[in-house]
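Here is what each chain is made of, one letter per residue.
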Amino acid sequence: MDYEAVIGLETHVQLKTNSKIFCGCSTNFGVSPNSQTCPVCLGFPGVLPVLNKKVVELAVKLTLALNCRITPNCKFHRKNYFYPDLPKAYQISQYDEPLAIDGYLDVEAVKIGITRVHLEEDAGKLIHTQEGDSLVDYNRCGMPLIEIVTEPDLKTPHQAYEYLTDLKSILEYLEVSDCNMEEGSLRCDANVSIRPVGQVELGTKTEVKNMNSFKAVERALSYEIERQIKVVQQGGQINQETRLWDEKKEITIPMRSKEEAHDYRYFPEPDLVPLEVSQEWTEEIKTGIPELPQAKRQRFIEGYELPSYDAEVLTANKSLANFFENTTKFYPKPKMVSNWIMTEVLGYLAEANLDISQSKLTPTHLAEMLELIDSGTISGKIGKEVLPEIFKTGKSPAEIIQEKGLVQITDGDEIVKVIEQVITENPKAVEEYKTGKKETLGFLVGQVMKLTKGKANPQITNKLLQERL
Ligand SMILES: [Zn+2]
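These figures come from a predicted structure and were not determined experimentally. (Residues numbered from 1 in each chain as written. Predicted model: local features only at pLDDT ≥ 70, side-chain atom pairs only at ≥ 80, totals over all residues. Heavy atoms only, no water.)

## A few points about the pairing of strand β4 (residues 90-93)
Line of reasoning, step 1. Of the two faces of β4, both are covered, the one formed by Tyr90 and Ile92 as well as the one formed by Gln91 and Ser93.
Line of reasoning, step 2. Bridge analysis of strand β3 (residues 77-80) against β4 gives 4 bridges, and the strand direction is antiparallel. When the bridges of β4 are listed, His77 appears paired with Ser93. (Buried < 20%, exposed > 50% of the residue type's maximum accessible area, 1.4 Å probe, protein only. Helix = DSSP H or I, 4+ residues; strand = E, 2+ residues; numbered from the N terminus. Pairing = 2+ DSSP bridges.)

Written out as structure tokens, the structure reads:
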């Protein structure tokens, strides 16, 4: 029997605000433990939460970008559970009336439904030391989160990966989150079940947690789907449970039986009034939504006549897209700019683990360098050597070329001298060329390049060498 998977994702995103969701504490990451706390986020008796307006603004911005319907009067609920990282023993979250519902995101031309987007506060963080102690840091308590829940519309682990990549790109374009997975600003849990192909009824699902990258989500889902199929094929039953992804062993392991909503004893938060997002404010927020990745991709294909692959790579990241557009303002050959960005620039950034906005390379630098290649001042090969220098020093290409003496040799007399040397030193290759083995020419040109450290103009070298032979 053939089986198909049904996948739904729950993504928690930390919103980029200066202060927490219900108090004025700072949201700085990496400061000393418990230094960013107050009676409100520590859950002291008698304190009152006050909703941060910026949190709502950023959340509304996102829900609009995800084509959601904003609930006119949404409510906050208390989700009750005990855990040492939760001093109040409840989390303020949203339950049956979330901020927004009924949205969608197009992922590779497939509409993935967004069931709901709701606001909530984060819990603190437990740190288990090697000495066997457990420490708690409440700085994260009360950090503003949104949870984005999809319909079970995803069919494959790869589609889940694509969904997350697109979602992250939208979050970055909107500047509502820094999406830093290492710092926990973006976390994803997956619900997955299997069923025989053609069956409408859903199978029992498991929830998989603890994936710290999108690739890990993809791998964990692949594993979990295979595991479930095996269990069913052997006549077993899937338990509704939460499982942890073990990145090292590449397996999922049972963590606890899946809790039901009623386990949390949800009840309306008595200290917060229902939240009403006015039509007027919604409209105002809407005007602040920039061109989103999909629209930009389309414009890059049509406006710059780029292949869709290029457009996709360039628009995946807003600062990269801006870098590309700004470079073409100074050097209006889009495909050439795209080629250099996609190979050399992205290669360097990946190696240095940097975003283009953090690097010293500017659009004027790249444009200037491409001009120098066009004018024959340097060869493309030298260009590839100049680029890392710009990244390192922030100096202009002209400066680097001057300092390093990289100007291309276009003077024929000078090149002829080197050609003579190459011919004397490689009699066998010359002989071969003369007896008709034309591909030997490439070798001889290569020798000239080697002696001039890549500075000889390749076209001139080629021509002169042929004449000489
Ligand atoms: Zn606080």
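Text resumes after the structure shown.
## Some remarks on the pattern of salt bridges
Line of reasoning, step 1. Across all of its chains, the model carries 31 salt bridges by this definition.
Line of reasoning, step 2. For Glu175, the salt bridge goes to Lys318, with nearest N and O atoms at 3.2 Å. In this pair, Glu175 sits in the loop between α2 (157-174) and β10 (186-196) while Lys318 sits in helix α7 (residues 318-330), placing the two residues 143 residues apart along the sequence.
Line of reasoning, step 3. Relative accessible area serves as the criterion here: at 46%, Glu175 is assigned to the partly exposed category.
Line of reasoning, step 4. Among the ionic pairs, Lys209 bridges to Glu207, the shortest N-O distance being 3.8 Å. The same class applies to Lys209 as to Glu207, namely buried.
Line of reasoning, step 5. Through salt bridges with shared partners, one network takes in Glu224, Arg227, Glu241 and Arg243. (Salt bridge = Lys/Arg side-chain N within 4 Å of Asp/Glu carboxyl O.)

## As for the coordination of the zinc ion
Line of reasoning, step 1. Distances from the zinc ion to its protein donors, Cys23 (SG), Cys25 (SG), Cys38 (SG) and Cys41 (SG), fall within 2.3 to 2.4 Å.
Line of reasoning, step 2. Around the zinc ion sit 4 donor atoms, and with donor-metal-donor angles ranging over 101 to 114° the site reads as tetrahedral.
Line of reasoning, step 3. We note that the donor set of the zinc ion lies within a single chain, spaced as C-x1-C-x12-C-x2-C. A residue pair is termed long-range when its members are at least 10 positions apart, and Cys25 in the loop between β1 (3-14) and α1 (53-65) and Cys38 in the loop between β1 and α1 qualify at 13 residues. No difference in accessibility class separates Cys25 from Cys38, as the two residues are buried. (Donors = N, O, S within 2.8 Å, 3.2 Å for Na, K, Ca; no water. Tetrahedral: all angles 85-135°; square planar, octahedral: opposite > 155°, others 65-115°.)

## Thoughts on the pairing of β1
Line of reasoning, step 1. Across the 12 residues of β1, 10 count as buried, placing the element largely inside the fold.
Line of reasoning, step 2. Looking at chain direction, β1 and β10 are connected through 11 bridges and run antiparallel. Within the sheet, the bridge partner assigned to Tyr3 lies in β10 and is Pro196.
Line of reasoning, step 3. Taken together, the 5 bridges between β1 and strand β9 (residues 144-150) define a ladder with antiparallel strand orientation. The residue bridging Val13 from the neighbouring strand is Ile146, located in β9.

## Here we look at the layout of surface pockets
Line of reasoning, step 1. Here the second largest pocket defines a volume of roughly 1400 Å³.
Line of reasoning, step 2. Lining the second largest pocket are 32 residues, and of these Lys168, Glu172, Ala316, Asn317 and Asp355 lie nearest its centre.
Line of reasoning, step 3. Of all the secondary-structure elements, those providing two or more residues to the lining of the second largest pocket are α2, α6 (308-315), α7 and α8 (334-352).
Line of reasoning, step 4. Here the lining of the second largest pocket is composed, by residue class, of 11 nonpolar, 9 polar and 12 charged.
Line of reasoning, step 5. The two domains that each donate at least three residues to the lining of the second largest pocket are domain 1 (3-285) and domain 2 (291-404). (1 Å grid on protein atoms, 1.4 Å probe; cavity = no way out; pocket = protein on both sides within 12 Å on 5 of 7 lines; lining within 4 Å. Points joined across faces, edges and corners; volume = space filled by probe spheres on them. Nonpolar A, V, L, I, M, F, W, Y, C, P; charged D, E, K, R; others polar. Domains from an automatic or database assignment.)

## Focus on the sheet that holds β4
Line of reasoning, step 1. Reading across the sheet, the 3 strands line up as β4-β3-β14 and stay open at both edges, with antiparallel pairing between neighbours. Lying at the two open borders of the sheet, with one neighbouring strand each, are β4 and β14 (267-268).
Line of reasoning, step 2. With 2 bridges joining them, β3 and β14 adopt antiparallel strand pairing. Bridging from a neighbouring strand, Arg78 pairs with Phe267 of β14.

## Overview of the nonpolar core
Line of reasoning, step 1. Among the nonpolar cores identified, the biggest contains 99 residues, and Leu119, Ile148 and Tyr163 are the most heavily contacted of them.
Line of reasoning, step 2. Shared between two domains, this core takes at least three residues from each, and those domains are domain 1 (3-285) and domain 2 (291-404).
Line of reasoning, step 3. Excluding residues that lie within four positions of it along the chain, Ile148 makes contacts with Leu9, Glu10, Thr11, Val13, Leu62, Leu66, Ile114, Arg116, Val117, Tyr163 and Leu167. (Core = buried A, V, L, I, M, F, W, Y, C linked by side-chain atoms within 4.5 Å. Contact = heavy atoms within 4.5 Å.)

## Examining unusual backbone geometry
Line of reasoning, step 1. Despite not being glycine, Glu108 has its phi angle at roughly 45°, a positive value.
Line of reasoning, step 2. Tracing the backbone shows Glu108 in the loop between β5 (100-107) and β6 (110-121).
Line of reasoning, step 3. Even without being glycine, Asn210 reaches a positive phi, approximately 75°.
Line of reasoning, step 4. Along the chain, the position of Asn210 falls in strand β11 (residues 206-211).
Line of reasoning, step 5. According to the relative accessible area criterion, Asn210 is partly exposed, its value standing at 49%.

## A closer look at helix α11 (residues 397-404)
Line of reasoning, step 1. All of the buried residues in α11 are Pro397, Ile400 and Ile401. Seen end-on, α11 carries its buried residues on one side only, within an arc spanning 100°. Turned more than 90 degrees off the buried face of α11, the exposed positions are Gln402 and Glu403.
Line of reasoning, step 2. Residues of α11 that are buried in the fold lie against α9 (363-374) and α10 (380-393).
Line of reasoning, step 3. One or two residues past the end of α11 sits Gly405, with phi positive at roughly 60°. (Arc of directions from axis to C-beta.)

## Digging into the sheet that holds strand β12 (residues 241-246)
Line of reasoning, step 1. One open sheet holds the 9 strands; their spatial order is β2-β5-β6-β9-β1-β10-β11-β12-β13, and the pairing between them is mixed. Every other strand in the sheet has two partners, leaving β2 (69-70) and β13 (251-257) as the edge strands with one partner each.
Line of reasoning, step 2. Along the sheet face, α2 touches β1, β5, β6, β9 and β10 and points at about 110° away from the line of β5.
Line of reasoning, step 3. Sheet strands in contact with helix α3 (residues 214-233) are β1, β10, β11, β12 and β13, and its direction is about 25° off that of β10. (Axes fitted to C-alpha atoms, helices over the stretch in contact; angles between N-to-C directions.)

By themselves, these figures tell us nothing about what the structure is for.
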